[in-house]
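What follows is the residue order along each chain.
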Amino acid sequence: MILVTGATGNVGRHTVAQLAELGVPARALVRNPAAQLPVPTVVGDLTDPSTLPAALDGVSTVFLIWPGFAASTAAEVISVIERHASRIVYLSANVTPETKIFHNDVERLIRASGLSWTFLRPGGFASNTLGWAEQIREGVVRWPYGKAARSLIHEADIASVATHVLTTEGHEGQSYVLSGPEVLSQADQVRIIGEAVGRTVTWDDLPPAVAREELVAAWGDEGFVDGALAAWAAMVDVPEPVVDTVERLTGKPARTFHQWAEDHAEDFR
Ligand SMILES: NC(=O)c1ccc[n+]([C@@H]2O[C@H](COP(=O)([O-])OP(=O)(O)OC[C@H]3O[C@@H](n4cnc5c(N)ncnc54)[C@H](OP(=O)(O)O)[C@@H]3O)[C@@H](O)[C@H]2O)c1
């Protein structure tokens with residue numbers, strides 16, 4: 001039995017669908033008991049570890065997705081998981097040990113546990129561009145660092161890797177860096193979304209200081225905003241890397257950003 005957390009989100013939604021299609025026994029941890037998913041649901045909350053033992057009853061493997069910007073209950077959560085399950089697949093990020101992000105803390109806790117672990121380390125999600133939906137509807141995206149070049153990954157490809165790792169052997173102790181198949185500047189991403197939607201959308205490069213103010217107001221977490229701005233600035237000179245992990249593990253080439261934009265055209269209309 002596999003327990004999938006974050007099952008209503010970008011990656012988890014595809015993961016439970018793929019596991020259900022394969023007929024693999026799986027259940028989804030949800031906060032909202034009314035959530036409609038293709039696998040049975042069980043109510044629980046990662047910020048309240050006391051809700052987890054019931055969800056973990058009979059579970060051997062957990063696919064852990066940690067939402068938000070902080071993981072203050074991670075130590076307790078991992079210790080509850082360790083008492084019930086033997087294996088964990090963690091959706092991390094493409095971090096180095098120096099990166100100041102909670103994923104490093106969660107990875108450290110998992111490594112120190114007795115669980116058999118695999119880390120998925122994607123770079124930028126294509127679904128991040130959904131944050132531009134309102135501006136795309138208005139025809140102009142005002143954002144910093146139009147030349148920042150990213151290898152955005154389709155959430156369904158992260159889920160395909162997760163499903164493969166969750167259902168096959170030989171991944172213990174592996175950290176898999178994941179990316180999409182090509183590098184595109186942020187301005188090009190906006191143009192491609194415009195093409196998929198059938199309208200012209202232009203890029204208006206926002207000065208970083210103005211963007212910082214607006215993003216802190218929108219996202220609320222100054223550290224996260226500063227990290228994002230620094231990462232985009234760096235990607236102007238050094239594009240996010242492209243790796244072949246999706247194809248190597250799943251046997252299928254990673255989906256292009258054009259494909260992602262076609263799949264999500266309705267979200268921008
Ligand atoms: N975006 C990127 O570029 C990027 C890159 C690398 C790594 N990541 C990592 O990927 C993860 C996000 O994945 P995603 O985009 O698939 O997620 P998402 O779409 O943001 O969805 C978050 C999921 O977590 C659930 N959730 C929220 N709070 C919860 C709680 N307290 N307890 C239990 N479940 C809770 C939500 O369920 P409800 O239905 O209850 O809200 C939802 O299913 C994050 O850890 C992020 O750091 C993101």
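Refer to the preceding data block for the structure.
Residues numbered from 1 in each chain as written. Predicted model: local features only at pLDDT ≥ 70, side-chain atom pairs only at ≥ 80, totals over all residues. Heavy atoms only, no water.

Right, let's get into the overall build of the chain. Looking only at helices and strands, the chain features 11 helices and 11 strands. Dimensions of the chain, computed from the C-alpha atoms along their principal axes, are close to 50 × 35 × 35 Å. By residue count, 49% of the 269 residues in the chain fall in the buried class. For the chain, restricting intrachain contacts to residue pairs at least 6 apart in sequence, the fraction spanning at least 24 positions comes to 75%. On the chain, roughly 12,500 Å² of surface is accessible, and the fraction owed to carbon and sulfur atoms is 52%. Considering the chain, the positive charge centre built from 20 side chains and the negative charge centre built from 33 side chains are found 2 Å apart. (Helix = DSSP H or I, 4+ residues; strand = E, 2+ residues; numbered from the N terminus. Buried < 20%, exposed > 50% of the residue type's maximum accessible area, 1.4 Å probe, protein only. Contact = heavy atoms within 4.5 Å. Areas by Shrake-Rupley, 256 points an atom, 1.4 Å probe, with all protein chains shown as cover. Lys, Arg positive; Asp, Glu negative; His and termini not counted. Charge placed at Lys NZ, Arg CZ, Asp CG, Glu CD.)

A word on helix α1 (residues 10-22). Given a rise of 1.5 Å per residue, 13 residues ought to cover 18 Å, and the 19 Å separating the end C-alpha atoms of α1 matches this to within 8%. Of all the residues in α1, the buried ones are Val 11, Gly 12, Thr 15, Val 16 and Leu 19. Viewed end-on, α1 has its buried residues packed into an arc of 125 degrees, placing them on one side of the element. Residues of α1 that are buried in the fold lie against β1 (2-4), β2 (26-30), β4 (61-65), β5 (87-91) and α6 (155-167). Positive backbone phi, at 75 degrees, marks Gly 23, one or two positions downstream of α1. (Expected span 1.5 Å × (residues − 1). Arc of directions from axis to C-beta.)

This paragraph deals with the packing of helix α3 (residues 74-84) against helix α4 (residues 102-112). Relative to each other, α3 and α4 sit at 30 degrees, their axes nearing to 10 Å. Between α3 and α4 lies a crossing whose hand is right-handed. When α3 is examined against α4, the residues Ala 74, Ala 75 and Ile 78 are found in contact with a partner set consisting of Val 106, Leu 109 and Ile 110. (Axes fitted to C-alpha atoms, helices over the stretch in contact; angles between N-to-C directions. Left-handed = near helix turned anticlockwise from the far one by under 90°.)

Turning to the packing of aromatic side chains, a few remarks are in order. A complete count under the given rule lists 11 aromatic pairs for this structure. Among the aromatic residues, those joined into a cluster by ring pairs are Phe 69, Trp 132, Trp 143, Trp 203, Trp 219, Phe 224 and Trp 232. (Phe/Tyr/Trp six-rings, centres within 6.5 Å; stacked < 30°, edge-to-face > 60°.)

Further remarks concern unusual backbone geometry. The backbone of Tyr 145 sits at a positive phi, close to 60 degrees, despite the residue not being glycine. Summarising the element assignment, Tyr 145 is placed in the loop between β7 (140-143) and β8 (149-150).

What follows covers the layout of surface pockets. Counted as a void, the second largest pocket has a volume near 310 Å³. At the level of elements, α1, α6 and α10 (245-250) are the ones that each hand at least two residues to the lining of the second largest pocket. The residue makeup of the lining of the second largest pocket, split by class, is four nonpolar, five polar and four charged. (1 Å grid on protein atoms, 1.4 Å probe; cavity = no way out; pocket = protein on both sides within 12 Å on 5 of 7 lines; lining within 4 Å. Points joined across faces, edges and corners; volume = space filled by probe spheres on them. Nonpolar A, V, L, I, M, F, W, Y, C, P; charged D, E, K, R; others polar.)

The next point concerns empty space enclosed by the protein. Counted by the stated rule, this structure contains two cavities of 30 Å³ or more. Reported here for the largest cavity is a volume of approximately 50 Å³. Forming the boundary of the largest cavity are Leu 3, Thr 5, Leu 29, Leu 46, Leu 52, Leu 56, Val 62, Leu 64, Val 77 and Ile 81. The set of elements that each furnish at least two residues to the lining of the largest cavity consists of α2 (52-56), β4 and α3. Taken together, the residues of the lining of the largest cavity break down into nine nonpolar, one polar and no charged. By volume, the second largest cavity is sized at about 40 Å³. Every residue lining the second largest cavity is listed: Arg 150, Leu 152, Glu 182, Leu 184, Gln 189 and Phe 257. Taken together, the residues of the lining of the second largest cavity sort by class into three nonpolar, one polar and two charged.

With parallel pairing, seven strands are arranged side by side in an open sheet as β3-β2-β1-β4-β5-β6-β9. The outermost strands of the open sheet, each flanked by one partner alone, are β3 (41-43) and β9 (174-178). When the angles between neighbouring strand axes are averaged without regard to direction, this sheet yields 20 degrees. As paired elements, β4 and β5 share five bridges and run parallel to each other. The residue bridging Phe 63 from the neighbouring strand is Val 89, located in β5. (Pairing = 2+ DSSP bridges.)

Before going further, it helps to examine the environment of Ala 261. Its place among the elements puts Ala 261 in helix α11 (residues 257-263). Relative accessible area serves as the criterion here: at 1%, Ala 261 is assigned to the buried category. Those residues in contact with Ala 261, other than ones at most four positions away along the chain, are Ile 192, Ile 193 and Ala 196.

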